[in-house]
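The chain contents come next:
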Amino acid sequence: MGDLAEKEMDNPTFRSDTVLSDVHLHCPSKRHLMVRLNAVGQPVFLSYFKLLWSTEDLASGKHVREITTGREQQRRSGDELCDKDRSDLKEEAELNSEGVGALLDEDGDLEVVRRPRSASDLQAEDLLRDIVCPVILMKGKEDAFEDEEQERTCSDVVKIEHTMATPLEDVGKQVWRAAFLLADYILFQRDTFRGCSVLELGGGTGITSIIMGTVAKRVYCTDVGEDLLAMCEQNVALNKHLMEPGEGEIKVKEVDWLKDEFCTDPEAPYSWSEEEIADLLDHCSVIMAADVFYDDDLTDALFRTLYRITHNLRNSCTVYLALEKRLNFTLRHMDITCEAYSHFRNTLNDLENLQDGKMKYTVEPIKADFCQFLVYERIEQL
C-alpha cells in the first residue's frame, strides 16, 4: 500500500473533463437563452453577438470614421480617469511617506491603504465587462422576450447557438475568441475576400464562416460530428439576414482530419457530392481555421489535411490561421508554458521548410491591430 502511494505521488495526475469558454460572459446587455438540449443532453444556448457597425455601414466605408471617432472618445475619457488615478496615487504616496506610524489605528493594527481602481477597470466595466447570466427560455415561452424580437432580423446582430461548457472533445460547440478575431479581419479586409470560394476547417459553431459568407461567393464550413454540424447548420439559417440576396452561399460539410478522403457516402449526413469536391478543388482560393490548435495530435492531423487539400487545388491559395496563445502551469516543466502553441509553431515551420518539388509555403504573421467590428474581449494573447 505504501509503495502504491509513493508511485502515485511520483506521477500526480489532475483530470478535468470540462472546458469553458468565457466569450459569452462579456456580451454587454445581452441575454443568453437556453433553447433546447442537444442529442447528447447538453444545454444549448442562443446568444446575440453585436456587430459594432451594420453590414450597410461596412459596405459604405462609414465604419472607418466611426472607429476613429469612438476610439478618440474612449482615449479622452481614459485620460480623465487616469488623471484622477494619478492624483489618488500621489495622495497615497504622500501618506506612505509619513512613515509606518501614520498607518496604525488606535489599537496599533496596521491600516492598509487600498490602491484605487485603475482607469482600465472602470472603462471595461462600462464597455465590455458586463457579466451576463443565462436566462432559461422555458418551453412554450418563446414570446416572453418581445424586446429581442427586433434583433432577430437586425443587420448588426449575429445569432449563435452554442454550449457553454463541454468535455474537451466537444469544444467546437463553444464560441472562442480567435473566431471573432478572424471574423474581424474578414470584415476589415472584406474587398480581399469578395467573391472568393472559401474552405473553413474546424468551423465549430460557424460564426467565422457566417461572417465570411457576407462577402465571399461560397463558403464550405466543415467540422466533424453530426450533432455539431447540425448546430452549425442551424446557425447558418439563423443568420440568413446578413447575406446579400442570392449571394453568400454557405454549405456545412464534414471533414475529418484523421481520414484521407472526403466523405462521399450519400447516406451519411453532411457528406460531399462529387460536384462539390470538384467545385472546391477548382475554385477554392482561401482556407481558414480559428482556435483549433489545442491538441498536438489534432494539430498534426490538421496540417496533414492542409497539405493534402492544397496539393490538389487547381490554383494557389492563402491559409488564414487564428488562435489564442494559452499559458498554463505544467508539473512537467514546473513553469508556465504554452505547449500547444509551441507545437503549432514547430509544425508551421516544418510546413514552410517543406521541399517536395511541387508545393511551396510562405508564412507571414498578421498583426492583430486592425479594427474591431464585433463586441468581444480582444486580449493580447490572440
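Here's a quick rundown of the structure. Predicted model only: the values in this text are computed from it and were never measured.

Considerations on the packing of aromatic side chains
- Following the criterion strictly, the structure yields 13 aromatic pairs and no others.
- With a centroid separation of 5.2 Å and an interplanar angle of 20°, the aromatic rings of Phe 180 and Tyr 376 are classed as stacked. With Phe 180 in helix H5 (residues 177-188) and Tyr 376 in the segment after helix H11 (339-352), this pair connects stretches of sequence that are 196 residues apart.
- Judged by relative accessible area, which is 1%, Phe 180 ranks as buried.
- Its end group placed over the ring of Phe 262, Arg 308 keeps NZ or CZ at 5.6 Å from the ring centre.

A short note on the nonpolar core
- Core analysis: the largest hydrophobic core is formed by 47 residues, its most contacted members being Phe 49, Val 158, Phe 180, Ile 186, Phe 193, Val 198 and Met 212.
- Looking at this core, the elements with two or more residues in it are strand E5 (157-162), H5, helix H7 (207-212), strand E8 (218-223), helix H8 (226-238), strand E9 (249-254), strand E10 (284-290) and strand E11 (318-322).
- Looking at this core element by element, the count peaks at nine residues for H5.
- Beyond its immediate sequence surroundings of up to four residues, Ile 186 is in contact with Phe 193, Thr 208, Ile 211, Met 212, Val 215 and Met 288.
- Phe 262, Cys 284, Ala 301 and Leu 323 belong to the second largest nonpolar core, which has 27 residues in total.

What to know about the sheet that holds E10
- One open sheet accounts for five strands, arranged E9-E8-E7-E10-E11; its pairing is parallel. Both edges of this open sheet fall to E9 and E11, since each of them pairs with a single strand only. Each neighbouring strand pair of the sheet contributes to a mean axis angle of 20°, computed without reference to strand direction.
- Pairing geometry for strand E7 (residues 197-200) and E8, over four bridges, is parallel. Looking at E8, one finds that Leu 199 is bridged to Tyr 220.
- Packed on one face of the sheet, H8 meets E8 and E9 and runs near 175° to E9.
- On top of the sheet, helix H9 (residues 274-283) reaches E7, E8, E9 and E10; it is set at about 100° to E10, its chief contact.

Let's talk about the environment of Leu 374
- Its place among the elements puts Leu 374 in the segment after H11.
- Judged by relative accessible area, Leu 374 falls into the buried class, the value being 0%.
- Once the C-alpha coordinates of Leu 374 and Val 158 are considered, the two residues, 216 residues apart in sequence, prove to be 9.2 Å apart.
- The contact partners of Leu 374, leaving out residues within four places of it in the chain, are Lys 50, Leu 51, Leu 52, Val 158, Phe 180, Ala 183 and Asp 184.

The rules behind these values
- Residues numbered from 1 in each chain as written.
- Predicted model: local features only at pLDDT ≥ 70, side-chain atom pairs only at ≥ 80, totals over all residues.
- Heavy atoms only, no water.
- Phe/Tyr/Trp six-rings, centres within 6.5 Å; stacked < 30°, edge-to-face > 60°.
- Helix = DSSP H or I, 4+ residues; strand = E, 2+ residues; numbered from the N terminus.
- Buried < 20%, exposed > 50% of the residue type's maximum accessible area, 1.4 Å probe, protein only.
- Lys NZ or Arg CZ within 6 Å of the ring centre and 35° of its normal.
- Core = buried A, V, L, I, M, F, W, Y, C linked by side-chain atoms within 4.5 Å.
- Contact = heavy atoms within 4.5 Å.
- Pairing = 2+ DSSP bridges.
- Axes fitted to C-alpha atoms, helices over the stretch in contact; angles between N-to-C directions.

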